[in-house]
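# Observations on the model geometry
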Amino acid sequence: MDKIKPTIRSSAKTKIKRLVKRILQPFFISQKDYGKKVYFNALKKPVKENYIFYEAFAGLGILDNPRAIFKALLSDARFSDFVHVWAIDDLELAGPNTQEFSSLDNVLIVKRASSAYYEFLATCGYLIANTTFGYFFEKRPEQVYINTWHGVPTKYMGYEHAVERVENARGPARHFLSADYLLSSNRFMTDIMYRRSYKLDELFEGRLLEIGTPRIDCLISPDKKYVYEKLNRLGIQTDKKIILYAPTWKGNLYDRLDYDINGLKQLVCRFADAVNRDEYRIYLRVHYFLYRILAKDSSLRDFLIPFTVDTNELLSVVDVLISDYSSIFFDYLVTGKPMIFYVPDLEQYEIGRGLYVPTDTLPGLVSSEQEEVCQALSLITKTPDEYLKTYQKRYQAMRSWCTYNEDGKSCKRLIDIVFKKLFLPEEDLALREDVSEFYLRQYQRATSGIYAFEGFCQNKTRLLICFNTRVNQDTHYDELLKYLETVDFEKTDVTLLVTSFKDEKNKQYFNRLPAEVRILVWYALPFCIRETKKFFAHEVRRTLGSMQFDEIKMIGNVTKYWAGFANAVLSRF
């Protein structure tokens, strides 16, 4: 393919404006944007091979799958010389969560979005996260990136999200495609989330490890004394059996809350009234988006479980779970204990978001009526075996396809597959490329039901279409749509790369594109850098990771920047 040339050239005025901005930005750049510049500059520094960088729930604490892997590595003498770096957003809020590791010399806590955060993110040899890093993130070839995600999907997500197709998918899709390893609990998660919701077939070049869920290991072999002591230190009473109400996030993205806070308080109190308070206590655990808001409400202090307590460690001491569409119930399945599903907005939720798991297959009562839920709670607290017997078939059916990999050894499998190559003798260095494959095959042979996913489909022509939303008009959108009508999606995999947008018009337009199209979003860096070939190579890695394409097509007007970007992509062919 010939070199791509711009159709819109920068004016002299624009060039002068950029030059002035580049000169003045060191004096006027915001602290937030300065951090991105620190990160970009740190990409030039050597990678520290024995440093591991962890982030869970955008820095909420030492939690979830990254926590489980971290604790397993800490307890393994082979990794005694490794340094573990945790990114924490609110150091004060997460204090009770991080203090148990504060005395360890090889554990560092850094404030998220600080200069130290960006330095470590750019230079640690291993990166482990259960969500995503920011748009500025660029996975270096020398780094090993493990994305564990944080749950088996129950709700429509990614490109299948009914309302926010692009917004919901853009961050995770880019990070999944950049990762060296993705973790999957089971084949359902592999097929529904990774292959279908985020469209990883054809482009993903890493390895998907279908080896169970690291965070569930602590439910298989619980240390209840450790958990009770932690809860007691936080003022949470554990002298009675625990009922946990754990509703999912309801709303759009991030800070758009869709909850009646007062109604939530009243509901928890009503549940508490339905049981014998001499034997049971009820507590509330909410999605981490909501926790950031509710944690500030002093009236919730008596029954809101802090997010500084890891969810699965908490579940190990829970006797009854009440949830709705939250993936928390998948984890709780391994306990064999009673569950209730309170879904007052089921009809609206199915229409507005959609569910992968039919409610008539859930392993417990499913009801939109508070009174019915209260009656079920009363039955459970009196005769739990009778309640479980009612839903035994559903329970067993779901466990058969969901928890077959959960044997308490997921962390060990991950460490063997990802890290064990580090301990090969010097004379066996040539084997390092094959060691992951060896352990995957070993587990597949030796353990019934535990296997590695064999690979994503890669048999189509991979096409990248670049479209600049900032310089194109309605006629160019029509040109894009007409072109997509000519594409044979049975033979061609299509990735559409668009510039970032906020307006409702673009959102609605891209939601109408064929469902087969994978849409990725490019965000401009918040500072000016001379646009050299090296710069564009960085930009392609930041936006597309290690993805490879067979063809590239520009639709509409092309700026000088996008011509440089496209030519950097072409250089990979």
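Scoring rules and cut-offs
- Residues numbered from 1 in each chain as written.
- Predicted model: local features only at pLDDT ≥ 70, side-chain atom pairs only at ≥ 80, totals over all residues.
- Heavy atoms only, no water.
- Helix = DSSP H or I, 4+ residues; strand = E, 2+ residues; numbered from the N terminus.
- Rg over C-alpha atoms; globule rule 2.2 N^0.38 Å.
- Buried < 20%, exposed > 50% of the residue type's maximum accessible area, 1.4 Å probe, protein only.
- Expected span 1.5 Å × (residues − 1).
- Arc of directions from axis to C-beta.
- Contact = heavy atoms within 4.5 Å.
- pLDDT = per-residue confidence, 0-100.
- Pairing = 2+ DSSP bridges.
- Right-handed = clockwise from strand over helix to strand, strands pointing away.
- Axes fitted to C-alpha atoms, helices over the stretch in contact; angles between N-to-C directions.

This brings us to the overall build of the protein chain. When helices and strands are counted, the protein chain shows 23 helices and 16 strands. Expected size for 573 residues packed as a compact globule is a radius of gyration near 25 Å; at 25 Å, the protein chain falls within 12% of this value. Taking the principal axes of the C-alpha coordinates as reference, the protein chain spans close to 80 × 60 × 55 Å. Looking at the protein chain as a whole, 56% of its 573 residues qualify as buried.

Here we take up helix 20 (residues 474-485). Since the α-helix packs 3.6 residues into each turn, any two residues three or four apart lie on the same face. Here helix 20 is 12 residues long and its end C-alpha atoms lie 17 Å apart, about the 16 Å a rise of 1.5 Å per residue gives. When helix 20 is considered as a whole, its buried residues turn out to be His476, Tyr477, Leu480 and Leu484. Along the axis of helix 20, the buried residues cluster in a sector spanning 105°; they form a single face. Along helix 20, exposed side chains directed more than 90 degrees from the buried face belong to Thr475, Lys482 and Glu485. Buried positions along helix 20 lie against strand 13 (461-467), strand 14 (492-499) and helix 21 (504-511).

Phe188, Met189, Thr190, Ile192, Met193, Tyr194 and Ser197 are the residues of helix 7 (residues 187-197) that are buried. Tucked inside the fold, the buried residues of helix 7 contact strand 5 (144-147), helix 6 (165-178), strand 6 (181-184), strand 7 (207-210) and helix 17 (392-402).

Let's shift gears to the environment of Ala162. Within the secondary structure, Ala162 sits in the loop between strand 5 and helix 6. Between the alpha carbons of Ala162 and Ile351 there is a distance of 8.4 Å; along the sequence they are 189 residues apart. In this structure, Ala162 is in contact with Gly352 and Arg353, ignoring residues within four places of it in sequence.

Moving on, we get to the confidence of the model for the protein chain. Confidence in the prediction of the protein chain, expressed as mean pLDDT, is 88, and 90% of residues score 70 or more. Long-range and interchain partners of residues 445-451, a stretch whose pLDDT sits below 50, account for 13 contacts in this model, where long-range means more than four residues apart.

Along the polypeptide, Thr475 turns up in helix 20. With relative accessibility at 55%, the residue Thr475 sits in the exposed group. Taking C-alpha positions, Thr475 is 8.6 Å from Gly556, a pair spaced 81 residues apart along the chain.

This part covers the pairing of strand 7. Pairing of strand 6 with strand 7, which is carried by 4 bridges, proceeds in the parallel orientation. Each bridged residue has a counterpart across the sheet, and for Ser184 the counterpart in strand 7 is Glu210. What joins strand 6 to strand 7 is helix 7, and the crossover it makes is right-handed.

Let's shift gears to the sheet that holds strand 13. Ordered in space as 15-14-13-16, the 4 strands form an open sheet in which the pairing is parallel. The open sheet has two free edges, formed respectively by strand 15 (518-522) and strand 16 (551-554), since each of these has just one partner strand. Within this sheet the neighbouring strands show an average axis-to-axis angle of 25°, counted without direction. Sheet analysis places strand 13 next to strand 14, joined by 7 bridges and oriented parallel.

Most of strand 2 (residues 83-88) is tucked away: 6 of the 6 residues are buried. The alternating pattern of strand 2 places Val83, Val85 and Ala87 on one face and His84, Trp86 and Ile88 on the opposite face, and all of these are buried. Of the pairings in the sheet, the one linking strand 1 (residues 48-55) to strand 2 comprises 4 bridges and is parallel in character. Note that in strand 2 the partner of Phe53 across the bridge is Val85.

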